[in-house]
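Each chain is listed here by its residues.
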Amino acid sequence: AGIQLAGAAMSLLRGCVGFLTMLIAFDFRGGDKAAWQFGLVVLVSVLAGLVGAAVAPRLKGITTEETILTTSLGLVVSGTFAALFIGEVSGACIVGACVGFAASLGKLAFDSILQRDAPDANRGRSFARFETRFQIFYVAGSLIPVAFHVGARLGFGLLLAASAFAIASYAIGRMAWAYRFFVRETAAT
């Protein structure tokens, strides 16, 4: 049950990555924004992803993987909330950084959860199944800005709603799972 909850949270996070990628590409393509602004957003997002990959192993020694995944979802919520008020290019840089960092952190946390909790006989199959699900969510998230014209602010609002739903459902699911299996969950975990 813990793997399924983490997989659902990570799937929504990957959907947010796909949505943001196409949102920025299509919004910056047809507007009055220069190509270097698009490059800046991509650079910030990629650098944040690299920093997230470097920080994640150190965080694993401090807290649990589930808390890292919850924190990464919370980072996307806070970044998209801030971007709604800041503006298009600066907001896109903030959201890109938050989503890039959170996706790297979340992926490593999820991989650790799966490595720890999956049965030995099914571990490889589980990794393949979840990675396929993540790619499907990435594509599904990417299709929304491709199929419909979504401006940056509306896109940030949709991203905020999706990430808020993801963190709420993951936190509630973790508490319900802990209650059902008599696992002690505190506010910190």
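Data block above holds the structure.
Please read all numbers here as calculations on a predicted model, not as lab measurements.

A. Summary view of the overall build of the protein. The secondary structure content of the protein amounts to 6 helices and 0 strands. When its helices and strands are written in sequence order, the protein yields α-α-α-α-α-α. Computed over C-alpha atoms, the radius of gyration of the protein comes to 17 Å, within 12% of the 16 Å expected from 2.2 N^0.38 for 189 residues, which places it in the range of a compact globule. Along the first, second and third principal axes, the C-alpha atoms of the protein reach 55 × 30 × 30 Å.

B. Local environment of the layout of surface pockets. Taken as a whole, the largest pocket holds about 320 Å³ of empty space. Taken together, 16 residues make up the lining of the largest pocket; nearest its centre are Val17, Thr21, Ser45, Val99 and Gly100. Mapped by element, the contributors of at least two residues to the lining of the largest pocket are helix 1 (2-30), helix 2 (35-60) and helix 4 (88-117). It is helix 2 that provides the largest number of residues to the lining of the largest pocket, a total of 6 residues.

C. Structural view of a nonpolar patch on the surface. A surface patch of nonpolar side chains, about 520 Å² in accessible area, is lined by Phe38, Val42, Leu43, Val46, Leu47 and Leu50. One can find Phe38 in helix 2. The exposure class of Phe38 is partly exposed, given its relative accessible area of 32%.

D. Fine view of the environment of Val41. Relative to the helices and strands, Val41 is located in helix 2. Put simply, Val41 and Ser90 are 49 residues apart on the chain and 8.5 Å apart in space, counted from C-alpha to C-alpha. For Val41, the residues in contact, after removing those within four places along its chain, are Ile24, Phe28, Val89, Ala92 and Cys93.

E. A look at the pattern of salt bridges. Following the criterion strictly, the structure yields 8 salt bridges and no others. A salt bridge links Lys107 to Glu131, with the nearest nitrogen and oxygen atoms 2.9 Å apart. Taken together, the positions of Lys107 in helix 4 and Glu131 in helix 5 (residues 123-147) put the pair 24 residues apart, joining distant regions of the chain. What makes Glu131 partly exposed here is its relative accessible area of 25%. Connected via shared salt-bridge partners are Lys60, Glu65, Glu66, Arg116 and Asp117.

F. Geometry of helix 5. With 25 residues, helix 5 extends 36 Å between its outermost C-alpha atoms, agreeing within 8% with the 36 Å of an ideal straight helix rising 1.5 Å per residue. For helix 5, the full list of buried residues reads Arg123, Ser126, Phe130, Phe134, Gly141, Ser142 and Pro145.

G. Expanded view of the environment of Phe127. Here Phe127 lies in helix 5. Taking C-alpha positions, Phe127 is 7.5 Å from Leu114, a pair spaced 13 residues apart along the chain. Residue contacts for Phe127: discarding those within four places in its chain leaves Asp111, Leu114 and Gln115.

H. Spotlight on the side chain of Asp27. Along the chain, Asp27 turns up in helix 1. You can call Asp27 buried: its relative accessible area is 12%. Contacts of Asp27, omitting those with residues within four sequence positions, involve Lys33, Glu88, Val150, Gly151 and Ala152.

Cut-off values and rules
Residues numbered from 1 in each chain as written. Predicted model: local features only at pLDDT ≥ 70, side-chain atom pairs only at ≥ 80, totals over all residues. Heavy atoms only, no water. Helix = DSSP H or I, 4+ residues; strand = E, 2+ residues; numbered from the N terminus. Rg over C-alpha atoms; globule rule 2.2 N^0.38 Å. 1 Å grid on protein atoms, 1.4 Å probe; cavity = no way out; pocket = protein on both sides within 12 Å on 5 of 7 lines; lining within 4 Å. Points joined across faces, edges and corners; volume = space filled by probe spheres on them. Patch = residues over 30% accessible without salt bridge, like charges linked within 9 Å, V, L, I, M, F, W, Y side chains within 5 Å. Areas by Shrake-Rupley, 256 points an atom, 1.4 Å probe, with all protein chains shown as cover. Salt bridge = Lys/Arg side-chain N within 4 Å of Asp/Glu carboxyl O. Buried < 20%, exposed > 50% of the residue type's maximum accessible area, 1.4 Å probe, protein only. Contact = heavy atoms within 4.5 Å. Expected span 1.5 Å × (residues − 1).

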